[in-house]
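Structural features, examined
These are the residues of each chain, in order.
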Amino acid sequence: MSEQPIGVFDSGVGGLSVLREIHQLLPQESLLYVADSGFVPYGEKPPELIVERSCRIAEFLLEQGAKSLVVACNTATAAAVGELRLRYAVPIIGMEPAVKPATLATRSGVVGVLATTGTLRSARFAALLDRFAGSVRVITQPCPGLVECIERGELDSEPLARLLADYTQPLLEAGCDTLILGCTHYPFLKPLLQRILPADIQLVDTGAAVARQLQNKLREFALLAQGPAQPARFWSSGDAALLQRVLPSLWKETAPLVQELSL
Ligand code: DGL
């Protein structure tokens, strides 16, 4: 069982930022990745639809032999991780915006969260703030439009820079010195963010922490693989050619053929 693959999914390419961290920490693990590109973006969709999509994808990954699942999407975690854990017996790792690390890192006492509308509206996010914000002021900023650009492989255009500036300006004016990238698509915008933001602004994301949490869970269940890993496999429920085109720049490993998935 321990040599079986790990199933990872997101609404699109965002989860590749998490997949990269998993591959870096656990190179002996075989990885499966589903981009639910036919339904991207999740951020503006009703939670019921995200639960339904997440369950279908989880079942597909389990049919492929996944020993564990990683919900590499803050929005899908907020909507669906509870239901997934009720339905499926394998270890399931979810993710949420890095509020706790950001509150420890801030010097100004003001933190900004860039995330999807769905994540910021969720009960899980409200509970996260209740637990960890303490005396730190946390300002949230939904960012519609960013995910669509990243899905097209657009990571550095002028319109995107303007959109990012519009979203971050109010946070900077409010005194934020730390910005949480609360959507797995956004780490791909780090180079652009670093170009347009003042140099002392810290960017915090959760990919590496999710990889460590996965490692701990696999160890706890005696599921860590010895390797060697099989090459990662990729599926898209939308335009597989589009994922194929952007995959080399985002995955950075040899990119095999993306398969189409109708679920
Ligand atoms: N990548 C996802 C997240 O972490 C969702 C993006 C979207 O589809 O709106 O929230």
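My aim in this report is to walk through the structure given alongside it, one point at a time. (Residues numbered from 1 in each chain as written. Predicted model: local features only at pLDDT ≥ 70, side-chain atom pairs only at ≥ 80, totals over all residues. Heavy atoms only, no water.)

**Side note on the overall build of the protein**
- Looking only at helices and strands, one finds eleven helices and ten strands in the protein.
- Dimensions of the protein, computed from C-alpha atoms along their principal axes, come out at roughly 50 × 35 × 35 Å.
- Each of the 263 residues in the protein was classed as buried or not, and the buried ones make up 53%.
- Within the protein, residue pairs in contact and separated by at least 24 positions form 77% of the contacts whose partners lie at least 6 positions apart.
- Within the structure as shown, the protein displays about 11300 Å² of accessible surface, and the carbon and sulfur contribution to it stands at 52%.
- Within the protein, the 27 negative side-chain charges are centred at a point lying 4 Å from the centre of the 23 positive side-chain charges. (Helix = DSSP H or I, 4+ residues; strand = E, 2+ residues; numbered from the N terminus. Buried < 20%, exposed > 50% of the residue type's maximum accessible area, 1.4 Å probe, protein only. Contact = heavy atoms within 4.5 Å. Areas by Shrake-Rupley, 256 points an atom, 1.4 Å probe, with all protein chains shown as cover. Lys, Arg positive; Asp, Glu negative; His and termini not counted. Charge placed at Lys NZ, Arg CZ, Asp CG, Glu CD.)

**Some points on the pattern of salt bridges**
- Taken as a whole, this structure holds ten salt bridges when the rule is applied.
- With a closest N to O distance of 3.6 Å, Glu96 and Arg124 form a salt bridge. Residue Glu96 is found in the loop between β4 (92-93) and α4 (99-105), and its partner Arg124 is found in helix α6 (residues 123-132); the two are separated by 28 residues along the sequence.
- By relative accessible area, which is 36% here, Arg124 ends up partly exposed.
- For Lys190, the salt bridge identified is with Asp205, shortest N-O distance 2.8 Å. Of this pair, Lys190 sits in helix α9 (residues 190-196) while Asp205 sits in the loop between β8 (202-204) and α10 (207-220), and the two are 15 residues apart along the sequence.
- One salt-bridge network, in which partners are shared between bridges, spans Asp156, Glu158 and Arg195. (Salt bridge = Lys/Arg side-chain N within 4 Å of Asp/Glu carboxyl O.)

**With respect to the sheet that holds strand β3 (residues 68-71)**
- Taken in spatial order, the six strands line up as β4-β3-β1-β2-β9-β10 in an open sheet, and their pairing is parallel. Edge strands, defined here as strands with exactly one partner in the open sheet, are β4 and β10 (259-260).
- Pairing of strand β1 (residues 6-10) with strand β2 (residues 31-35), which is carried by five bridges, proceeds in the parallel orientation. What sits directly across from Gly7, in β2, is Leu32.
- Contacts from helix α2 (residues 47-63) reach β1, β2, β3 and β9 (233-236) within the one sheet, and its direction differs from that of β1 by about 155°. (Pairing = 2+ DSSP bridges. Axes fitted to C-alpha atoms, helices over the stretch in contact; angles between N-to-C directions.)

**A short note on the sheet that holds β8**
- The four strands are arranged β6-β5-β7-β8 in an open sheet whose pairing can be described as parallel. Two strands lie at the open edges of the sheet, namely β6 (137-142) and β8, each paired on one side alone. Adjacent strand axes in the sheet meet at a mean angle of 25°, parallel and antiparallel pairs treated alike.
- Sheet topology note: the strand β5 (residues 110-115)/strand β7 (residues 178-181) ladder contains four bridges and is parallel. Across the sheet, Val113 pairs through a bridge with Ile180, a residue of β7.

**What to know about the packing of helix α1 (residues 16-25) against α10**
- Where α1 contacts α10, the axes come no closer than 8 Å and their chain directions differ by 50°. One element, α1, and the other, α10, form an angle in the oblique class. Pair α1 / α10 crosses with right-handed handedness. Between α1, through Val18, Glu21, Ile22 and Leu25, and α10, the contact on the second element is made entirely by Gly207, Ala208, Val210, Ala211, Arg212, Leu214 and Gln215. (Parallel < 35°, antiparallel > 145°, perpendicular 65-115°, else oblique. Left-handed = near helix turned anticlockwise from the far one by under 90°.)

**Side note on the site of the ligand**
- In the neighbourhood of the ligand, 14 residues make up the surrounding shell, with Ser11, Tyr42, Gly43, Asn74 and Thr75 lying closest.
- Ser11 has a polar side-chain atom sitting 2.6 Å from an oxygen atom of the ligand.
- The fraction of the free accessible surface of the ligand (300 Å²) that becomes covered by protein chains is 99%.
- Its residues placed into classes, the shell around the ligand shows six nonpolar, seven polar and one charged. (Near = heavy atom within 4 Å. Polar contact = N/O pair within 3.5 Å; in protein donor to acceptor, adjacent residues only side chain to side chain. Nonpolar A, V, L, I, M, F, W, Y, C, P; charged D, E, K, R; others polar.)

**Comments concerning the side chain of Ser37**
- Considering the arrangement of structural elements, one finds Ser37 in the loop between β2 and α2.
- Look past the residues within four positions of Ser37 in its chain and what remains in contact with it is Ser11, Gly12, Glu151, Ser236, Ser237, Gly238 and Asp239.

**Concerning the nonpolar core**
- Leu16, Ile22, Val70, Tyr186 and Phe234 are the most contacted members of the largest nonpolar core, which has 54 residues in total.
- It is helix α11 (residues 240-251) that provides the largest number of residues to this core, a total of six residues.
- Those residues in contact with Ile22, other than ones at most four positions away along the chain, are Val8, Pro27, Leu31, Val70, Ala211 and Leu214.
- Ranked by size, the runner-up nonpolar core spans 24 residues in total, among them Val34, Leu69, Ala80 and Tyr88. (Core = buried A, V, L, I, M, F, W, Y, C linked by side-chain atoms within 4.5 Å.)

It is worth stressing that arrangement in space is one thing and function is another; only the former is reported here.
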